[in-house]
Amino acid sequence: MNEMSSFWSTWITCIVLLNIFGCLWLLWWAGRKHDNDVAEGKELKHSFDGIIVIHNAMPRWWKVMFYATIVFSLAYLALYPGLGSFKGAIGWTSIKQWEHEIEKADNRYNRIFADYAKIGIEELAKDPEAVKVGQRLFGNNCSVCHGSDAHGAIGFPNLTDTDWLYGGDPETIKSSITHGRIGNMPAMAAAIGDETAIIDVAAHVLRLSGRKGSGNAEAGKANFALCIACHGPDANGNKTLGAPNLTDNVWLHGRDEASIVATITTGKSGAMPAFRNALSEEKIHVLSAYVYSLSK
Ligand code: HEC
Ligand code: HEC
């Protein structure tokens, strides 16, 4: 919070104190004996339209409670921040309280994470408690992109199948999370030629997974030579580059012909952020076990 200017600080302090002392005065004023007072339980003089008003003092317990709230509020404002920019006598701040709570939680959970870090990822993936902890970390850090069930979406890989861009063994998963990944499919339109030629390449790509496109797959096959550097001569991908397997009918950027034509024409890239600064190594370890468990 920005520091309040001293004018507003004084202004707020005055209003708050005036209110509290105003209540105190009102309580005293209403409770004192007036000269023309009617005795308790007797009728007051101003009856109207048949309605009579009887003088009843406020119950003692109610007045005691009212005084108590005033004492409480003054004590509170003396100890905690509340009066303008006055910081309160005990120096409490919400940030300090938050830090204290985080520290307490860290002390508790760091021990658990340290214990998990001693266990191998494959082994840890079989521990239901560890998997549950990993699932919570996943919900907080990964679900925005991969979905809360890790099934992914267009452009964001499904982590629950056995199809991997970079690899599904424990160390590769950990490396994907720690260092991030960038998959870059260049725009190939210029290299291939006109639209018909692109649709032909797409027909060849569709044929690789047993489907039929609207173009001439045989004609498109020749241009696939432009692709093998990344997708491999058999088109089953390259895990170092994150180039997908094009023969398995699992699609990162959409399975219909139009999506495939668009990917070839304008290219696509995907970025998996690195988590080495955002999460401790122990947390990434538990997350890796969770991701590993998903495809098992
Ligand atoms: C900002 C979006 C985003 C977030 C957040 C994100 N990811 Fe990813 N992740 C991606 C994308 C996009 C890819 C694919 C990269 C590519 O296209 O080459 C990916 C790839 C991966 C891969 C490699 C998959 C494979 O097939 O090899 C793993 C494992 C992974 N993410 C796990 C995680 C985990 C665990 C988290 C949370 C700590 C996470 N991701 C958070 C976007 C994200
Ligand atoms: C420089 C390497 C490179 C070249 C050359 C390349 N690709 Fe790709 N391709 C990739 C990468 C990497 C991806 C994944 C992009 C991502 O991570 O978002 C990809 C994705 C694709 C996809 C989407 C796959 C899916 O699962 O949705 C198709 C289709 C594709 N490429 C076809 C081709 C064709 C056809 C050619 C040749 C005309 C080609 N690529 C050339 C690297 C390449």
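Just so it is clear, the structure is predicted and the values come from calculations on it, not from any experiment.

Trainee: Explanation requested: helix 1 (residues 6-31) in the structure shown.
Mentor: Working note: α-helix, 3.6 residues per turn, so residues spaced by three or four point in the same direction. Taking 1.5 Å per residue, 26 residues should reach 38 Å; helix 1 reaches 37 Å between its end C-alpha atoms and fits that length. Looking only at helix 1, the buried set comprises Ser9, Ile20 and Leu27. The inward-facing, buried residues of helix 1 abut helix 2 (60-79).

Trainee: Before we go on, may I ask you to explain the coordination of the iron atom of ligand 2 in this structure?
Mentor: Each donor-metal-donor angle would ideally measure 109.5 degrees in four-coordinate tetrahedral geometry, or 90 or 180 degrees in six-coordinate octahedral geometry. The protein atoms that coordinate the iron atom of ligand 2 are Met185 (SD) and His231 (NE2), at distances of 2.0 Å. The class of methionine 185 is partly exposed, set by a relative accessible area of 22%. Residue histidine 231 is classed as buried on the basis of its relative accessible area, which comes to 9%.

Trainee: I'm lost on the packing of aromatic side chains in this one. Help?
Mentor: The way to describe two aromatic rings as a pair is by their centre distance and the angle between their planes. If you walk through the whole model with that rule in mind, you get nine aromatic pairs. A ring pair is formed by tryptophan 8 and tryptophan 11, whose centres lie 6.3 Å apart and whose planes are at 90°; its orientation type is edge-to-face. Here tryptophan 11 and tryptophan 8 lie together in helix 1, a separation of three residues that amounts to about one turn. When the centroid spacing of 6.0 Å and the interplanar angle of 25° are considered together, the rings of tryptophan 25 and tryptophan 29 count as stacked. Residue tryptophan 25 and its partner tryptophan 29 are located together in helix 1, separated by four residues, close to a single helical turn. With relative accessibility at 47%, the residue tryptophan 25 sits in the partly exposed group. On the accessibility criterion, tryptophan 29 (36% relative accessible area) is partly exposed. These aromatic residues form a ring-pair network of at least three members: Phe72, Tyr76, Tyr80 and Trp92. The cationic tip of lysine 296 hangs over the ring face of tyrosine 292; the distance from NZ or CZ to the ring centre is 4.3 Å.

Cut-off values and rules
- Residues numbered from 1 in each chain as written.
- Chains lettered and ligands numbered in written order.
- Predicted model: local features only at pLDDT ≥ 70, side-chain atom pairs only at ≥ 80, totals over all residues.
- Heavy atoms only, no water.
- Helix = DSSP H or I, 4+ residues; strand = E, 2+ residues; numbered from the N terminus.
- Expected span 1.5 Å × (residues − 1).
- Buried < 20%, exposed > 50% of the residue type's maximum accessible area, 1.4 Å probe, protein only.
- Contact = heavy atoms within 4.5 Å.
- Donors = N, O, S within 2.8 Å, 3.2 Å for Na, K, Ca; no water.
- Phe/Tyr/Trp six-rings, centres within 6.5 Å; stacked < 30°, edge-to-face > 60°.
- Lys NZ or Arg CZ within 6 Å of the ring centre and 35° of its normal.

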